[in-house]
Amino acid sequence: MFDQLQSLEDRYEELGELLSDPEVVSDTKRFMELSKEEANTRETVEVYRRYKEVVQGIADSEELLGEKLDDELQELAKEELAEFKNEKEELEEKIKILLLPKDPNDDKNIIMEIRGAAGGDEAALFAGDLFEMYQSYAAAQGWKFEVMDANITGIGGYKEVTIMITGDSVFSKLKYESGAHRVQRVPSTESQGRVHTSTATVVVLPEAEEVELDLADKDIRIDIYHASGAGGQHVNKTASAVRLTHIPTGIVVAMQDERSQLKNREKAMKVLRARVYDQLEQESRSEYDANRKSAVGTGDRSERIRTYNFPQNRVTDHRIGLTIQKLDQILAGKVDEIIDALIIYDQTEQLAKLND
């Protein structure tokens with residue numbers, strides 16, 4: 001482990017030199033890649049450097065205790081030694097977490113798809129609530145939140161909505177949101193005051209760059225048609241809607257939100273690439289997941305992961321048994337408490353397996 005840490009520190013110092021090299025600075029692509037690598041390495045190196053300081057502090061304190069000291073200095077040296085030993089244990093645990101195998105998608109932007117599922121209009125309204133929750137969370141994180149396509153119901157909810165969220169390490173925070181979200185509340189149309197249960201599904205796909213997944217033109221069928229729904233006369237006059245079918249996988253993406261056929265095609269291609277990439281990832285990960293069986297794995301999209309109970313102002317994440325009496329705050333976008341708990345749980349599981 002310490003050989004690995006020393007190699008990381010050596011590489012970090014090398015990156016610092018490279019990033020001040022005029023040739024690298026003038027090469028924007030390389031400069032961005034090295035800057036990202038440095039940023040990803042920084043925390044681990046800083047913790048390792050502090051760890052080395054603490055180890056040296058322990059050695060110095062023990063050496064001091066071996067000398068003849070008056071009672072007051074002896075007591076101070078003992079206290080300092082105890083503090084160093086406690087910090088050493090904490091740093092060792094932190095280093096183990098920092099060195100866990102990293103999900104290669106963690107730094108990626110995402111495409112999120114939210115759909116009203118069981119429950120008709122109420123499910124669509126709940127899909128709208130989830131949309132607003134993630135929109136508020138994204139704003140708090142400083143991320144860009146862009147609606148790519150939306151199918152809005154007459155009462156304001158979403159049958160389905162596709163969003164692109166871009167920013168720093170988006171997938172690492174939102175990857176655990178895939179699954180079925182259940183709501184329990186009294187619908188506004190319910191005259192008897194009875195609590196109804198509805199569901200909406202969320203799918204989080206890591207964005208796939210062209211260099212990662214090259215979709216051959218011969219494998220994609222393109223259909224152009226007239227958009228339907230809101231749009232006035234434009235709907236009847238212009239064939240701007242685009243449907244892409246990836247023939248090898250059968251994955252279909254339709255996009256009609258933009259008035260421009262070109263823009264719809266660009267958006268559809270982003271979603272198609274993400275879905276195909278995700279399917280290939282799922283297939284390659286299936287054996288790993290079967291062995292790992294993580295309670296917070298991102299594999300089963302039909303799994304009911306969370307319940308939002310309005311009468312009790314309660315949110316429960318069923319995968320880790322977490323219940324929070326702050327439903328109003330969660331739906332306002334303050335999802336950090338749940339997301340942080342899921343990340344910690346997943347890290348703890350991975351550490352336990354390493355220690356087995």
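Structure: above.
Every value quoted in this text rests on a predicted model; they were computed, and no experiment measured them.

Rules of the game
- Residues numbered from 1 in each chain as written.
- Predicted model: local features only at pLDDT ≥ 70, side-chain atom pairs only at ≥ 80, totals over all residues.
- Heavy atoms only, no water.
- Salt bridge = Lys/Arg side-chain N within 4 Å of Asp/Glu carboxyl O.
- Helix = DSSP H or I, 4+ residues; strand = E, 2+ residues; numbered from the N terminus.
- Buried < 20%, exposed > 50% of the residue type's maximum accessible area, 1.4 Å probe, protein only.
- Axes fitted to C-alpha atoms, helices over the stretch in contact; angles between N-to-C directions.
- Parallel < 35°, antiparallel > 145°, perpendicular 65-115°, else oblique.
- Left-handed = near helix turned anticlockwise from the far one by under 90°.
- Nonpolar A, V, L, I, M, F, W, Y, C, P; charged D, E, K, R; others polar.
- Pairing = 2+ DSSP bridges.
- Expected span 1.5 Å × (residues − 1).
- Phe/Tyr/Trp six-rings, centres within 6.5 Å; stacked < 30°, edge-to-face > 60°.
- Patch = residues over 30% accessible without salt bridge, like charges linked within 9 Å, V, L, I, M, F, W, Y side chains within 5 Å.
- Areas by Shrake-Rupley, 256 points an atom, 1.4 Å probe, with all protein chains shown as cover.
- Lys, Arg positive; Asp, Glu negative; His and termini not counted.
- Charge placed at Lys NZ, Arg CZ, Asp CG, Glu CD.
- Contact = heavy atoms within 4.5 Å.

A. Inspection of the pattern of salt bridges at higher detail. The full count for this structure, using the stated rule, is 24 salt bridges. Notably, a salt bridge pairs arginine 50 with glutamate 53, separated by 3.0 Å at the nearest N-O pair. In this pair, arginine 50 and glutamate 53 both sit in helix α3 (residues 28-65), three residues apart, roughly one turn of the helix. What makes glutamate 53 partly exposed here is its relative accessible area of 47%.

B. Highlighting the packing of α3 against helix α4 (residues 71-98). Two elements in contact, α3 and α4, have axes separated by 9 Å at closest approach and are oriented at 155 degrees. Relative to α4, the element α3 lies roughly antiparallel. Crossing handedness for the pair α3 and α4: left-handed. Residues that form the contact of α3 with α4 fall into these classes: 14 nonpolar, four polar and 10 charged.

C. Fine view of the sheet that holds strand β8 (residues 251-255). Read from one edge to the other, the open sheet built from three strands follows the order β6-β7-β8, with strand pairing classed as antiparallel. Looking at the sheet topology across the chains shown, the edges are occupied by β6 (220-225) and β8. For this sheet, the mean angle separating the axes of adjacent strands, direction not counted, is 15 degrees. Two strands pair when backbone bridges link them, and strand β7 (residues 241-246) and β8 are joined in this way by five bridges, in the antiparallel orientation. Residue pairing across strands places histidine 246 opposite isoleucine 251, the latter belonging to β8.

D. How the structure looks around the environment of glutamate 132. Along the chain, glutamate 132 turns up in helix α5 (residues 120-141). Using a relative accessible area of 47% as the deciding quantity, one classes glutamate 132 as partly exposed. Distance in space between the C-alpha atoms of glutamate 132 and leucine 331 is 7.5 Å, their sequence separation being 199 residues.

E. Just α5, in detail. The end-to-end C-alpha distance of α5 is 32 Å, a good match for the 32 Å that 22 residues give at a rise of 1.5 Å each. Residues of α5 that are buried include every one of Glu122, Ala123, Ala124, Phe126, Ala127, Gly128, Leu130, Phe131, Met133, Tyr134, Tyr137 and Ala138, and no others. Backbone geometry just downstream of α5 places glycine 142 in the positive-phi region, at approximately 80 degrees.

F. Summary view of the sheet that holds strand β2 (residues 144-152). Strand order across the open sheet formed by eight strands is β2-β3-β1-β5-β4-β9-β10-β11, with mixed pairing between neighbours. Bordering the open sheet on either side are β2 and β11 (322-324), each of which pairs with just one other strand. This sheet shows a mean twist of 15 degrees between the axes of neighbouring strands, independent of strand direction. Inspection of the sheet shows strand β9 (residues 304-309) paired to strand β10 (residues 314-317) by four bridges, in the antiparallel sense.

G. Local environment of the packing of aromatic side chains. In total, this model carries four aromatic pairs according to the counting rule given. Centroid distance phenylalanine 131 to phenylalanine 145: 5.2 Å. Interplanar angle 75 degrees. Geometry classified as edge-to-face. Of the two residues, phenylalanine 131 sits in helix α5 while phenylalanine 145 sits in strand β2, which places them 14 residues apart along the sequence. Exposure remark for phenylalanine 131: the relative accessible area of 6% places this residue in the buried category.

H. How the structure looks around a negative patch on the surface. A cluster of acidic residues, Asp60, Glu63, Glu67, Asp70, Asp71, Glu72, Glu75, Glu79, Glu80 and Glu83, forms a negative patch on the protein surface. For the negative patch, the secondary structure elements donating two or more residues are α3 and α4. Ranked by the residues each element gives to the negative patch, the list is headed by α4, at six residues. Checked against the element boundaries, glutamate 79 lands in helix α4.

I. Looking closely at helix α1 (residues 2-18). Its 17 residues give α1 an end-to-end C-alpha distance of 24 Å, which sits within 8% of 24 Å, the value for a rise of 1.5 Å per residue. Within the span of α1, buried status applies to Leu5, Glu9, Tyr12, Leu15 and Leu18. Packed against the buried residues of α1 are α2 (22-26), α3 and α4.

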